[in-house]
Amino acid sequence: MSDTMKIEEYLEQGGVLSSPENAPARYRGELMRMMSSFVDSELAASAGFASSINYAPNIKARIAASRITLEKADHAQRVLEIMGSFGTDVERYEQHDWAARLPRDSALPTARQGSDMRLSVFYFPLINWTDAVVMNVLQGLAAEVQLESLSKVSYGPLAEVFRDIAPREQRHAELGQEGLAVLVKAGQDTQQIKESLAYWRPRVAAGFGQQDSARYPMLCRLGLRHDSNSDQLQRWEKRVDDHLQALGLTA
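Everything numeric in this text was worked out from a predicted model, so none of it was measured.

Asks: Would you mind going over the overall build of the protein chain in detail, with residue names and values included?
Replies: Helix and strand counts for the protein chain come out as nine helices and zero strands. Put simply, the protein chain runs from its N terminus to its C terminus through helices and strands in the order α-α-α-α-α-α-α-α-α. In terms of overall dimensions, the protein chain is globule-like: its C-alpha atoms have a radius of gyration of 19 Å, near the 18 Å expected for 251 residues. Along the first, second and third principal axes, the C-alpha set of the protein chain runs to 65 × 35 × 30 Å. Classification of the 251 residues of the protein chain by burial places 50% in the buried group. A fraction of 71% describes how many contacts in the protein chain between residues 6 or more apart in sequence connect residues 24 or more apart. Counting every atom, the protein chain has about 12000 Å² of accessible surface; 52% of that belongs to carbon and sulfur.

The following block contains the structure:
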């Protein structure tokens, strides 16, 4: 039996790898795909929230948007350092236009845009403060669900970074929830909030991927996934519904 096969059996039994040298080719490819999507999404999210800072209605809100902008870029850098240990050319991340967006009414992209691996939700622009808050609530809750799984990946150094990142991403979601509660309490136009919810909810949901993904069993065997796209989507839907109902809102 080959060494590679032994490693795959080790992973299937819950084993953890700690260095690039131990990673079989298929494992390395899937791990890089996962990290690229995370890094690209965090950088695109950071750029998007940077554009929303000037929409903020007060200093507290500006600080919240600035914090999210800074910390998402920091999260990307932490994972990018691990990608660098696998030989990734990190300089391309310095040159890419992470603020690039599609027209607001564009259809969801059905494929990655060249080497840009961001989630499709991050191809769409924020248009005002209410829009930014609503998007942050929905995507923040999605990030919570996704990081619960990512924090258990079988590449130890990456899992550790994700566990460090998770509380800050949770705080980003909480900042969005606090901001939405302020808008509701202040009598913000409920119709505008509902329009933003209707716009962003399907775009965030798309980030959970195909519900019958054929790659899922293979990723489970490699220890890179621990719950299905469908399970993650259902958990996210429940959290969103509970939060909106508590505020007297419906999607």
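Asks: Go over the nonpolar core with me, naming the residues and quoting the values.
Replies: Buried together is how nonpolar side chains tend to be arranged in soluble globular proteins. In terms of nonpolar packing, the biggest core is built from 73 residues, with Y27, M35, V79, L158, F162, W200 and W236 touching the most fellow members. Contributions of two or more residues to this core are made by α2 (25-52), α3 (59-85), α5 (129-150), α6 (156-185), α7 (190-205), α8 (216-221) and α9 (229-246). Excluding residues that lie within four positions of it along the chain, F162 makes contacts with F38, V79, L147, L150, S151 and V153.

Asks: Tell me about the pattern of salt bridges, and name the residues and values.
Replies: Going through the model one piece at a time under the given rule, you end up with 19 salt bridges. E148 serves as the salt-bridge partner of R235, at 3.5 Å between the closest nitrogen and oxygen. Linking R235 in helix α9 with E148 in helix α5, this pair joins segments that are 87 residues apart in sequence. The exposure class assigned to R235 is partly exposed, which follows from its relative accessible area of 26%. By sharing partners, the salt bridges in this structure join R67, E71, D74, R78 and R168 into a single network.

Asks: An account of the environment of D40 is requested, with residue identities and associated values reported.
Replies: Residue position: D40 is located in helix α2. Through-space distance from the C-alpha of D40 to that of P202 is 20 Å; in sequence the pair is 162 residues apart. Filtering out sequence-adjacent residues up to four positions away, D40 remains in contact with R92, Y93, W98, S115, D116, M117 and R118. A distance of 2.6 Å separates a polar atom in the side chain of D40 from the backbone nitrogen of M117.

Asks: For the packing of aromatic side chains, give the residues involved together with the corresponding values.
Replies: The tally for this structure, following the rule as stated, stands at five aromatic pairs. When the ring of Y199 is compared with that of W200, the centres are 4.9 Å apart and the planes differ by 85°; the resulting orientation is edge-to-face. In this structure Y199 comes out as buried when scored by relative accessible area, which is 13%. Here the aromatic residues F124, Y199 and W200 are joined through ring pairs into a cluster of three or more. Here the basic side chain of R104 rests over the ring of Y199, its NZ or CZ set 3.7 Å away from the ring centre.

Asks: An account of the side chain of D131 is needed here, citing residue identities and associated values.
Replies: Here D131 shows up in helix α5. Side-chain polar atoms of D131 contact the side chain of R104, separated by 2.7 Å.

Asks: Describe α9, naming the residues involved and giving the relevant values.
Replies: The end-to-end C-alpha separation of α9 is 26 Å, in line with the 26 Å expected for 18 residues at 1.5 Å each. All of the buried residues along α9 are N229, Q232, L233, W236, V240, H243 and L244. All buried residues of α9 fall inside an arc of 100° around its axis, so they share one side. Residues of α9 that are exposed and point more than 90 degrees away from the buried face comprise Q234, K238, Q245 and A246. Contacts from the buried residues of α9 go to α5, α6 and α7. Trailing α9 by a residue or two, G248 shows a phi angle of about 75°, which is positive.

Asks: How would you sum up α6? Please name residues and give values.
Replies: Helix length check: α6 (30 residues) gives 44 Å between terminal C-alpha atoms against 44 Å at 1.5 Å per residue, within 8%. Looking one or two residues beyond α6, the residue adopting positive phi is G187, at roughly 80°.

Thresholds applied
Residues numbered from 1 in each chain as written. Predicted model: local features only at pLDDT ≥ 70, side-chain atom pairs only at ≥ 80, totals over all residues. Heavy atoms only, no water. Helix = DSSP H or I, 4+ residues; strand = E, 2+ residues; numbered from the N terminus. Rg over C-alpha atoms; globule rule 2.2 N^0.38 Å. Buried < 20%, exposed > 50% of the residue type's maximum accessible area, 1.4 Å probe, protein only. Contact = heavy atoms within 4.5 Å. Areas by Shrake-Rupley, 256 points an atom, 1.4 Å probe, with all protein chains shown as cover. Core = buried A, V, L, I, M, F, W, Y, C linked by side-chain atoms within 4.5 Å. Salt bridge = Lys/Arg side-chain N within 4 Å of Asp/Glu carboxyl O. Polar contact = N/O pair within 3.5 Å; in protein donor to acceptor, adjacent residues only side chain to side chain. Phe/Tyr/Trp six-rings, centres within 6.5 Å; stacked < 30°, edge-to-face > 60°. Lys NZ or Arg CZ within 6 Å of the ring centre and 35° of its normal. Expected span 1.5 Å × (residues − 1). Arc of directions from axis to C-beta.

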